[in-house]
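# Summary of the model geometry
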Amino acid sequence: MDFQFTAREEALRKEFEDFFREEMKNAPPGWGASMEAMISDDACAEFHRVMAKKLGAKGWLARPWPREYGGQDASLIEQFIFSDVMGYHKGAGYDHWGVGLLAPTLLVSGNHEQKQEHLPPVARGEIFWTQLWSEPGAGSDLASLTTRATREGDSYVVNGQKCWSSGAHRADWGFLLARTNPNERRSRGLSFFLLDLNTPGLTRVPVYSTDGAHQFNDTFMDDVRIPARNRVGEENEGWFASQMTANFERSMIAVFSYIKREIEDLVEFCKSVKIGGEYPARNPLVRNRLAQLAIEADVGRAMSYFIVWSQVKGGLVVAAPMAAAAKVAATELVQRLTWEGCRIMGQYSQVGESRWAYLKGRFMTEYQLCTGLSMAGGTSEIMRNLIGAMGLGLPRSW
Ligand SMILES: Cc1cc2nc3c(=O)[nH]c(=O)nc-3n(C[C@H](O)[C@H](O)[C@H](O)COP(=O)(O)OP(=O)(O)OC[C@H]3O[C@@H](n4cnc5c(N)ncnc54)[C@H](O)[C@@H]3O)c2cc1C
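### Describing the overall build of the protein chain
Along the backbone of the protein chain there are 12 helices and eight strands. Whereas a compact globule of 398 residues would reach a radius of gyration of roughly 21 Å, the protein chain reaches 21 Å, a difference of no more than 12%. Taken along the three principal axes of its C-alpha coordinates, the protein chain extends 75 × 50 × 50 Å. Here the contacts in the protein chain between residues at least 6 apart in sequence split such that 72% fall between residues at least 24 apart. When the accessible surface of the protein chain is split by element, carbon and sulfur atoms take 53% of a total near 18,300 Å². Of note, the protein chain has its 44 positive side-chain charges centred 4 Å away from the centre of its 47 negative side-chain charges.

### Here we look at the site of the ligand
Near the ligand there are 17 residues, and of these S134, S140, S166, T379 and E381 occur at the shortest range. For the ligand, an oxygen atom lies 3.2 Å from a polar atom in the backbone of W164. Burial of the ligand by the protein chains amounts to 67% of its free accessible area of 970 Å². If one sorts the elements of the shell around the ligand by residue count, helix α12 (residues 380-391) sits on top with three residues. When residues of the shell around the ligand are sorted by domain, at least three fall in each of domain 2 (131-238) and domain 3 (250-391).

### Considerations on the pattern of salt bridges
Tallied over the full model, the rule gives 28 salt bridges. Note that K90 is salt-bridged to E262, the shortest N-O span being 2.5 Å. Placement of the pair is K90 in the loop between α4 (76-88) and α5 (96-109) and E262 in helix α8 (residues 253-272), with a sequence separation of 172 residues. Both residues of the pair, K90 and E262, count as buried. R229 serves as the salt-bridge partner of E117, at 3.2 Å between the closest nitrogen and oxygen. Taken together, the residues E117 in helix α6 (residues 112-123) and R229 in the loop between β7 (214-227) and β8 (231-232) connect sequence positions 112 residues apart. A cluster of three or more residues bridged by salt bridges with shared partners is formed by K90, R261, E262, D265 and R362.

### Focus: α5
Here α5 contains 14 residues, and its C-alpha end-to-end distance of 19 Å stays within 8% of the 20 Å for a straight helix at 1.5 Å per residue. Along α5, the helix axis deviates most sharply at L102, where the bend reaches about 35 degrees; the proline P104 sits within four residues downstream. In terms of residue burial, α5 counts as a mostly covered element, since 12 of its 14 residues are buried. The complete set of buried residues in α5 reads H96, W97, G98, V99, G100, L101, L102, A103, P104, T105, L106 and S109.

### Here's the deal with helix α3 (residues 42-58)
Between its first and last C-alpha atoms α3 spans 25 Å; for 17 residues at 1.5 Å apiece the expected length is 24 Å, and the two agree. Restricting attention to buried positions, one finds in α3 the residues C44, A45, F47, H48, M51, A52, L55 and G56. Tucked inside the fold, the buried residues of α3 contact α1 (7-23), α2 (36-40), α4 and α6. In this structure D41 caps α3, since a side-chain oxygen of it lies 3.0 Å from the backbone nitrogen of A43. Phi for G59, located one or two positions after α3, is positive at around 80 degrees.

### Regarding the domain arrangement of the protein chain
On domain assignment, one finds that the protein chain holds domain 1 (7-94), domain 2 (131-238) and domain 3 (250-391). In this assembly, seven residues from domain 1 lie in contact with nine residues from domain 2. Taking both sides of the interface into account, the surface hidden between domain 1 and domain 2 amounts to around 650 Å²; carbon and sulfur atoms contribute 42%. When the buried surface of domain 1 facing domain 2 is broken down by residue, E36, I39 and R49 rank first, second and third, together holding 71% of it. In this structure, the connection of domain 1 to domain 2 is made through two salt bridges. Remark: the boundary between domain 1 and domain 2 carries five residue pairs in polar contact (both at pLDDT 80 or more). Looking at the side of domain 1 that touches domain 2, the elements that each hand over two or more residues are α2 and α3. Class assignment of the residues belonging to the side of domain 1 that touches domain 2 gives a composition of two nonpolar, one polar and four charged.

### Considering the packing of aromatic side chains
Summed over all chains, the structure comprises 18 aromatic pairs. Between Y348 and Y358 the ring centres are 5.1 Å apart and the planes differ by 50 degrees, which places this aromatic pair in the tilted class. Of this pair, Y348 sits in the loop between α10 (320-345) and α11 (362-373) while Y358 sits in the loop between α10 and α11; the two residues are 10 residues apart in sequence, bridging distant segments of the chain. Members of the aromatic cluster, each reached through a chain of ring pairs, are F16, F19, F20, W60 and F82. Residue placement shows R49 over the ring face of F128; its charged tip is 4.1 Å from the ring centre. Across from the ring centre of Y88, 5.1 Å away, lies the NZ or CZ of R261, which sits over that ring.

### Things to note about the pairing of strand β2 (residues 148-152)
Pairing of β2 with strand β3 (residues 155-162) involves five bridges; the strand directions are antiparallel. By the bridge assignment for β3, R151 is matched with Y156. Linking β2 to β3, which pair antiparallel, is a turn of two residues; within it G153 sits at a positive phi near 65 degrees.

### Here's the deal with the packing of α10 against α11
For the pair α10 and α11, the least separation of the axes is 9 Å and the interaxial angle reads 150 degrees. When the axes of α10 and α11 are compared, the pair comes out roughly antiparallel. For the pair α10 and α11, the sense of crossing is left-handed. Here K327, T331, V334, Q335, L337, T338, W339, G341, C342 and M345 of α10 come into contact with α11, specifically with F363, E366, Y367, C370, T371 and L373.

Cut-off values and rules
Sequence order as written defines residue numbering, which begins from 1 separately in each chain. pLDDT decides what is reported in this predicted model: residues at 70 or higher carry local features, side-chain atom pairs at 80 or more are listed and counted, and totals for whole chains, interfaces and linings draw on all residues regardless. Excluded from the side-chain calculation are hydrogens and water; included are all heavy atoms of the structure. Labels follow the DSSP assignment, with helices taken as runs of H or I lasting at least four residues and strands as runs of E lasting at least two, numbered in each case from the N terminus. The globule rule is 2.2 Å times the number of residues to the power 0.38, and the radius of gyration it is compared with is taken over C-alpha atoms. Residue contacts follow a heavy-atom distance rule, with two residues in contact if any of their heavy atoms lie within 4.5 Å. With residues, only the protein chains shown are counted as cover, and all accessible areas are computed by Shrake-Rupley using a 1.4 Å probe. The convention is simple: Lys and Arg are positive, Asp and Glu are negative, and His and the chain ends are not counted. Charge positions are represented by NZ for Lys, CZ for Arg, CG for Asp and CD for Glu. Nearness is defined per residue: one heavy atom within 4 Å of the molecule or strand is enough. Residues adjacent in sequence count toward polar contacts only when both atoms are side-chain atoms; beyond that, a polar contact is any pair of N or O atoms within 3.5 Å, and within protein one must be able to donate a hydrogen and the other to accept it. The domain boundaries here were taken from an automatic or database domain assignment. In what follows, salt bridge is the name for a side-chain nitrogen of Lys or Arg lying within 4 Å of a carboxyl oxygen of Asp or Glu. Relative accessibility decides the category of a residue: with a 1.4 Å probe and only protein chains considered, values under 20% of the type maximum give buried, values over 50% give exposed, and everything between is partly exposed. A helix is expected to span 1.5 Å for every residue after the first. Bend, in this description, refers to the angle at a residue between axes fitted to the seven residues ending there and the seven starting there. What counts as buried area is the accessible surface, traced by a 1.4 Å probe, that two parts surrender upon association, with contributions from both included. In the scheme used here, Gly and all other residues not listed as nonpolar or charged are polar, with Ala, Val, Leu, Ile, Met, Phe, Trp, Tyr, Cys and Pro taken as nonpolar and Asp, Glu, Lys and Arg as charged. Here is the rule: rings of Phe, Tyr and Trp (six-membered ring for Trp) pair when centre to centre is within 6.5 Å. Planes less than 30 degrees apart are stacked, more than 60 are edge-to-face, and the remainder are tilted. By the criterion adopted, a ring carries a charge over it if an Arg CZ or a Lys NZ lies within 6 Å of its centre and within 35 degrees of its normal. Pairing between strands requires that DSSP locate at least two bridges from one strand to the other. Inter-axis angles, ranging from 0 to 180 degrees, are taken between N-to-C directions of lines fitted to C-alpha atoms, where helices are fitted over the stretch in contact. Roughly parallel refers to an angle under 35 degrees, roughly antiparallel to one over 145, roughly perpendicular to one between 65 and 115, and oblique to any angle outside these ranges. The crossing is said to be left-handed when, going from far helix to near helix, the turn is anticlockwise and less than a right angle, and right-handed when the turn is clockwise.

As structure tokens, this is what we get:
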């Protein structure tokens, strides 16, 4: 593996750095804690939209895509550098669902017309997406989902309920998994659809978190009509497309860079603020645990580098076990980091908007959110099952 970047790549990194350092000065006060703010807070959501258009105008959301679909035919490494810098600066404007999940899936599994219609608006930062997969009875066991899509002429009629639809109330379109063959109970009877969220019969119902934030929605579909041209891939073969989405979701460099920044901020805090009359940085246990977090963050970054290098060598789709390992490593490290921050700050960590709040009170929010990270996009247990079976060759447990 070659860790050197070219002069051109280093120049690009600087351009990304300069942009995010400057633009993120305008972020609303609530910006910065995981994804919650960009979805639940009006000012943050607006800032996110404005930033998406700025990134789109620069062509930075879609660098590695083909030019005919709004991209620049750039290398994956350049996109990786972009994500690295964006993660470090907690940058706004990147639609995780549209740019991160939907677009790579369409590039692999969509037809020319679908790519032509849907990719350029994502590249310009104009259209936002949500993921309509999970159901009340189908999460880890997604293949058991029951939302039904029945072919009627040139369209499909969809009935069912999706849950956990993150940001659906801010999104314009959703990518949906629904059952097109009721006789196939498992993944073989599913199809993948692109759904305009303003279609009649679709209702988004807010699901509020215990802190009052509106991040999630239940999405009900009652005789919703989707044109057949919005089916991605063949009928009953949507599982393949959905697995492409899953693999792209898990390379994780932006999260590891975000962690690096959080550790730096926490270290600075420990050196500059006294807790109980003493700087935490003088406490050997604190120093030891911060060092451990820094080691794990660097291991994680190396893992991300390895994934992008493998993609460059072997094609766009990340091997599932490798991507699953990065997902487990990144999300569980965010949790350990958050718990450590809370342990260091003690009860101050649970103060939000107050003069007693340290680091803008973000540990309070992160403490509430970080547990969900190892569930979203597939739980850690499911990731470990996958690593065991596909990575280590152990007998399947499911
Ligand atoms: C923050 C967050 C955001 C999300 N955003 C979205 C979204 O935008 N769109 C969307 O469609 N979904 C979303 N989800 C849903 C997410 O994909 C599911 O929560 C996840 O797949 C788990 O499904 P479940 O909640 O039904 O739990 P279950 O599948 O019921 O699992 C319950 C527990 O059992 C364990 N378990 C289940 N099966 C096995 C097994 N075979 N082996 C070992 N352990 C097992 C699980 O690991 C878990 O601990 C989100 C979830 C969260 C927390």
